[in-house]
Each structure stands twice: as C-alpha cells, then as structure tokens.
Amino acid sequence: MRAQPTASHFVNGRYVEDTAGDPFECVYAANGEVVAKLHEATDAIVNEALEAAKAAQPAWAAMSGTERGRILRRAADIMRERNHDLSVIETLDTGKPLQETLVADATSGADALEYFGGLAGTLTGEHFQLAGGDWAYTIREALGVCVGIGAWNYPTQIACWKGSPALACGNSMVFKPSETTPLSALKVAEILKEAGLPDGVYNVIQGRGGVGGKLITDRRVAKVSLTGSVPTGRKVYAAAAEGLRHVTMELGGKSPLIIFGDADLDNAVSGAIMANFYSSGQVCSNGTRVFVERSFREAFVDRMVERLTKGVVMGDPLDEAVNYGPMVSQTQMDIVLGYIEKGVAEGAKLECGGRRSNRDGYFIEPTVFSGVTDDMTIAREEIFGPVLSVLDFDDEAEVMARANDTEFGLAAGVFTQDLTRAHRVVAGFHAGTCYINQYNLAPVEIPFGGSKMSGVGRENSKAAIQHFSEPKTVYVGMNDVEAPF
Ligand code: NAD
C-alpha cells in the first residue's frame, strides 16, 4: 500500500497500534485504490493518548514561550523542506491535485507553526492600577489538554491550525483526523517530535465520530476545537457543554458572493472560480450562492463556462499538470450528484457540467446552474462540491436581504469597483469572514471563522490565542484590609 503509515496512532512520541480497533481504509479518490489500512482507536488508545497529554502538559507550559516557539518554528522549517513528500501524502489522502497541495497544505501548516511559534514568546497578561495604590495583573494561562477534531478537506492544515496556537499557549493536544483522511496528521506529529517537541504534547489518534465523542466528554479535556459540518457541530458543542469545556467550532456554510455590474469581468469570474471549484468545491467558506446583477449575468455566465471548458484539466491528481481532482470519496460524490439532480428537478438551468466524469475515481464535472432562486435546495443547503449557483438581482438592498437570509454565516464576498458600495456591503453582511474583490484566501495573520450556525470562535491570528488560553486575575492589596465588623 502506497501510503501505509508505521501504525495507526501517534501517542506519547511514538507510533502505536491496537489491532482490536475497528479496521478502516484510506482510499485514493482518483481511482479507488486502497492506499493504507488503519484501525480505530480502542478505549485503551484513547486513554493512553489522554494520559500522555495530561502528563506532558505542565512541563510544556512551564517552558518559556520562546523555547516553545523555537520548537514550533523548527517544525515549520522541516515541513517546508519536506513539502513535496507531504504534498504527495495529502494528495493520496484527499485526492486534491498535487498542483494545489504543493502550495496550499503543508505550506499553510508551516505558516501556522511559524506564526504561532513567533507569537509564543510574546504572550503576556495585563497590569491594572487600582484605587489607593492597590493593583492587579493577569497571567495568561494554558487551558490544559485540548482536543482537535478535523474534517477531510484540509487534513494537514487543520492539524496545524489547531495544534500550533494550542501548543504556543502551553497546552497539549489529542488530535483526531477525519476517518476519510487519516494520513497527514500523523506526519505533523512525526515532524513536531523531530523538531524537539516533548513526548505526549501532540498526539494523533484515529477513528470515526464515536472516538471523537469519547474524547470530548473525558474529564481530562479542557477544550474542544472542531472543524466539521453544522450537524456534527451541534452534537459536539452540546457534549462539550456538559463539562463546560471551551469550544471552537469551524463549521459549514452557504456563503453569498455578490457581483455588481461594474465589476471587472475576469476578476469576478476568477473570484467565483476560487469560490466554487478550488479543491473541487470542497471548501467550507465557498461562495456558492453567486448573486450576479441581472444586466451582467449573461456576460458572466458565458465567460465562466468558457474558462471552465478551456481551463479545467482533470486527471490523476499526482500529475502536476492536473488542476482539478475528484470528490474525496464515493459518499461525497453521491451526495453532490444528488444535489445536482435536485437542481435540475427544481427548475435551475444547467449551463455546464452536471455529471460524473467517465474516468475512474470520484470525479464530477464543474457544474454551473443559472436561474437559481432563493427557495431551491441548491441555494439553501451546503453541497460541498463543484456546484455554482447563479442568482439574478436588481438592486443592492434587495440582494443584501437575500444574501443574509440563511442560517449560515461563515463567509461572504463582493465584487465591484465602487469603493463606497464595497464597504457598505461588507458592513451589512452577517458573516465572519468577508472579501472585497477577492475570495477564499485565508492567510494565518487574519482571523478566520463563522458567525450564526457556521461557528463559534476564530482560528488563526492573535484571535486564536484568546481561544487557547485564559487570563488568571491576581488582585494585589497594598493597604490594610477594611472589614465591616
Ligand atoms: P463531519 O462533520 O462529518 O466530520 C467532522 C469530524 O467530526 C470528523 O473527524 C468526524 O469523525 C467527527 N465527528 C463526527 N461525529 C462526531 C461526534 N458525534 N462527536 C465527535 N466527533 C464527531 O464533516 P466532514 O464531512 O468531515 O467535513 C465537511 C464539513 O466540514 C463541511 O460541512 C464543511 O463546511 C466543514 N468544514 C468547515 C471548515 C471551517 O473552517 N469552517 C473547514 C473545513 C470543513
């Protein structure tokens, strides 16, 4: 098997296996080949990982931020040196084209390790001068053992986006990747160890939702950070609430992308491509409801179809000339094809695509619908595949109301050359991450996350520090104590 790891789990600084765990396979989505066989974590493995994380955390937190940061930054360097090999694993794990993984996955993980490694030595509390010479200060403390649970679309990135701020703040982590993409996080754990991370500080265990459930409800766990769908988010949030655990929820979306008639046509089409077809549409923040000003729609749709027809290169994702890969799994492909059928049945006009490709693997042609209305299923539910819906609009107030009429609030975007309108529109969006004349970029320096049903908390940037640490307040009395009796 092409990508068989040494063992299923990485606990306390070493690979461990327990063949009593339910077996599962990692499948290369481009041809259905089994590339690795693994086992779900048994209760013994779950316990071992949490014990290791609990035992390792105090000494890790007691190190200086500069020392912790140095290890994270060393790990970033190793990731960059191994970018090619890590990208191949990410491609085998997810089916995303190597052309993409070479620039978007280990590199993004390395950015997070480097950024939070740099911040680790700068984390401080505050000082407060109080009446009569009393004063107070806060100590920024780690939370303890944090659990990370990942989705399958960006396994390396998610492992690093959660691990880096957690570790920078002095926490330890048990990370459970998606059962669909179990490989990449193990490499992150290996690299952290090689960079000098003490054993037990970052552990990876495998399994489906049941294993995640055991982690969330364990009394040793202080915080849960999930990337996944809204239905899973509801369950995980509720389970974490039982123990009043801290949470970060990075969930799904159905984000609006508004294109006004004065936009630069090719930029708007490029933005909509990035918002719908990168990673074959398997991106949480995708702008899948593309509202196009009616007078501009025909030109927009024509150019979109032309660019997809001429530009998309489908094929083996390991071939660097290929820029468009399959769905991650047969299950996901079936879900997406089901939505396409619904779009047709509910009266949307298919402009291109709409079918499974006739090659091996789980490929779906890039699909564009026009004439989509707000009530159609494809305009309301997250599809998580390469399906773009064009909705017409005539005026700004109308489109804003329609754009916000969703339970989700992950991202939103606008293309226009009118500066005032651009800022007015983003001020009106009910969404956590907004774009003006750009879409779907998420550099580590800026906060990323959703509002409404799309999430709680933020990843990346200094904001992530707030979500992986808490202030301890210390009041210092400088005067005699006054008491009523
Ligand atoms: P999913 O919700 O099915 O699974 C996510 C993770 O949760 C998996 O590791 C799964 O094993 C685990 N899980 C499932 N049930 C659980 C339970 N009861 N308790 C604990 N853990 C449980 O999501 P997916 O299909 O892997 O990923 C796609 C979804 O993730 C989409 O909705 C997408 O929008 C979302 N996503 C969000 C972001 C973001 O940053 N907001 C990023 C990527 C993906």
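Caption draft 1: Highlighting the side chain of H39. Along the chain, H39 falls in strand β4 (residues 33–39). Within the local environment of H39, its side chain forms a polar contact with the backbone oxygen of G21, the two atoms lying 2.9 Å apart. Contacts of H39, omitting those with residues within four sequence positions, involve S8, H9, E17, D18, T19, G21, D22, P23, F24 and Q206.

Caption draft 2: Structural detail: the packing of aromatic side chains. For the structure shown, the criterion picks out 7 aromatic pairs. With 5.0 Å between their ring centres and 90° between their planes, Y115 and F116 make a pair best called edge-to-face. What makes F116 buried here is its relative accessible area of 0%. Between F260 and F393, the ring centres sit 5.3 Å apart and the planes meet at 85°, which makes this aromatic pair edge-to-face. Residue F260 is located in the loop between β12 (256–259) and α10 (265–274), and its partner F393 is located in strand β16 (residues 387–393); the two are separated by 133 residues in the primary sequence. Residue F260 is classed as buried on the basis of its relative accessible area, which comes to 1%. Overall, F393 belongs to the buried group, its relative accessible area being 0%.

Caption draft 3: Looking closely at unusual backbone geometry. Even without being glycine, F384 reaches a positive phi, approximately 60°. Tracing the backbone through its elements, the reader meets F384 in the loop between α13 (377–380) and β16. When its relative accessible area of 16% is taken as the criterion, F384 is described as buried. The residue N460 is not glycine, and still its phi comes out positive at about 65°. Along the polypeptide, N460 turns up in the loop between β19 (455–456) and α16 (463–467). Judged by relative accessible area, N460 falls into the buried class, the value being 0%.

Caption draft 4: Representation of the nonpolar core. Formed by 55 residues in total, the largest nonpolar core has its most connected members in M79, F116, L167, L192 and Y202. For this core, the secondary structure elements donating two or more residues are α1 (43–62), α2 (65–81), α5 (106–120), α6 (155–168), β8 (172–176), α7 (184–194), β9 (202–204) and α16. Examining the composition of this core, we find that 8 residues originate from one element, α5, more than from any other. The next biggest cluster of nonpolar side chains, apart from the first, holds 31 residues, and it includes A29, M327, I378 and V399.

Caption draft 5: Molecular detail of the environment of Q438. Along the chain, Q438 falls in the loop between β18 (433–436) and β19. Its relative accessible area of 36% is what places Q438 among the partly exposed residues. Spatially, the C-alpha atom of Q438 lies 26 Å from that of R80, the residues being 358 residues apart in sequence.

Caption draft 6: Examining the pattern of salt bridges more closely. Counted by the stated rule, this structure contains 30 salt bridges. Notably, a salt bridge pairs R297 with D392, separated by 2.8 Å at the nearest N-O pair. A residue pair is termed long-range when its members are at least 10 positions apart, and R297 in helix α11 (residues 294–311) and D392 in strand β16 qualify at 95 residues. On the accessibility criterion, R297 (27% relative accessible area) is partly exposed. Between R303 and E306 there is a salt bridge, with the nearest N and O atoms lying 3.9 Å from each other. In this pair, R303 and E306 are both assigned in helix α11, 3 residues apart and thus about one turn of the helix distant.

Calculation rules
Residue numbering note: each chain is counted from 1, following its sequence as written. Only residues with pLDDT of at least 70 get local features here, since the model is predicted, and only at 80 or more are side-chain atom pairs given and counted; chain-wide, interface and lining totals rely on the full set of residues. Only heavy atoms go into the side-chain values, all of them from the structure, while hydrogens and water stay out. Only DSSP runs of H or I reaching four residues or more are called helices, and only runs of E reaching two or more are called strands; each is numbered from the N terminus. In protein, a polar contact means a hydrogen-donor-capable atom and an acceptor-capable atom, both N or O and within 3.5 Å, with residues adjacent in sequence counting only if both atoms are side-chain atoms; elsewhere, any N or O pair within 3.5 Å suffices. Whether two residues touch is decided by their heavy atoms; if any such pair falls within 4.5 Å, the residues are in contact. Whether two aromatic rings pair depends on their centres lying within 6.5 Å, for rings of Phe, Tyr and Trp, where Trp uses its six-membered ring; planes under 30 degrees apart make the pair stacked, over 60 edge-to-face, and the rest tilted. Only protein chains enter the accessibility calculation, which uses a 1.4 Å probe. A residue is then buried if its area is under 20% of the maximum for its type, exposed if over 50%, and partly exposed in between. The set of buried Ala, Val, Leu, Ile, Met, Phe, Trp, Tyr and Cys residues whose side-chain atoms join them within 4.5 Å is what this entry labels a nonpolar core. A pair is scored as a salt bridge if a Lys or Arg side-chain nitrogen falls within 4 Å of a carboxyl oxygen belonging to Asp or Glu.

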